[in-house]
Amino acid sequence: MSRTSPVFEIRIICAPDDTDRIRAALAKAFTVGPARQYPTRTPGRVRLYLTATHRTTDQ
């Protein structure tokens, strides 16, 4: 039986200019799906949501 990593959701609130850098950093640390981006109640900020799993040693 193969063992899979649990899936979890990452939410980050950041400045719009930081989204590409944050996505790239998370993609290095985890296996991530496409990012979803939404506005925040605070002007000038965005919410990023990514579904992720822990990387295995063979990835």
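A brief report on the enclosed structure follows. As the structure is a computational prediction, the values presented were derived from the model and not from experiment. (Residues numbered from 1 in each chain as written. Predicted model: local features only at pLDDT ≥ 70, side-chain atom pairs only at ≥ 80, totals over all residues. Heavy atoms only, no water.)

Moving on, we come to the environment of V46. Among the secondary structure elements, V46 is positioned in strand β4 (residues 46–54). Residue classification places V46 among the buried residues on the basis of a relative accessible area of 8%. In this structure, the C-alpha to C-alpha distance between V46 and T19, residues 27 residues apart in sequence, is 8.4 Å. Not counting residues within four places of it along the chain, the set of residues in contact with V46 comprises I12, I13, C14, A15, P16, T19, Q37, Y38 and T40. (Helix = DSSP H or I, 4+ residues; strand = E, 2+ residues; numbered from the N terminus. Buried < 20%, exposed > 50% of the residue type's maximum accessible area, 1.4 Å probe, protein only. Contact = heavy atoms within 4.5 Å.)

What follows deals with the packing of aromatic side chains. Working definition: an aromatic ring pair is given by the centre-to-centre distance plus the angle between the planes. Applying the stated criterion across every chain yields a total of two aromatic pairs. Here the aromatic rings of F8 and F30 are separated by 5.4 Å at their centres, their planes lie at 80°, and the arrangement is edge-to-face. Pair noted here: F8 is in strand β1 (residues 7–14) and F30 is in strand β2 (residues 30–32), with a separation of 22 residues, a long-range link. A relative accessible area of 25% places F8 in the partly exposed class. Classification of F30 as buried rests on a relative accessible area of 19%. Both rings, one in Y38 and one in Y49, keep their centres 5.8 Å apart while their planes meet at 70°; by these two values the pair is edge-to-face. Of this pair, Y38 sits in strand β3 (residues 36–39) while Y49 sits in strand β4, and the two are 11 residues apart along the sequence. (Phe/Tyr/Trp six-rings, centres within 6.5 Å; stacked < 30°, edge-to-face > 60°.)

Treat this as a map of the structure, not an account of what it does.
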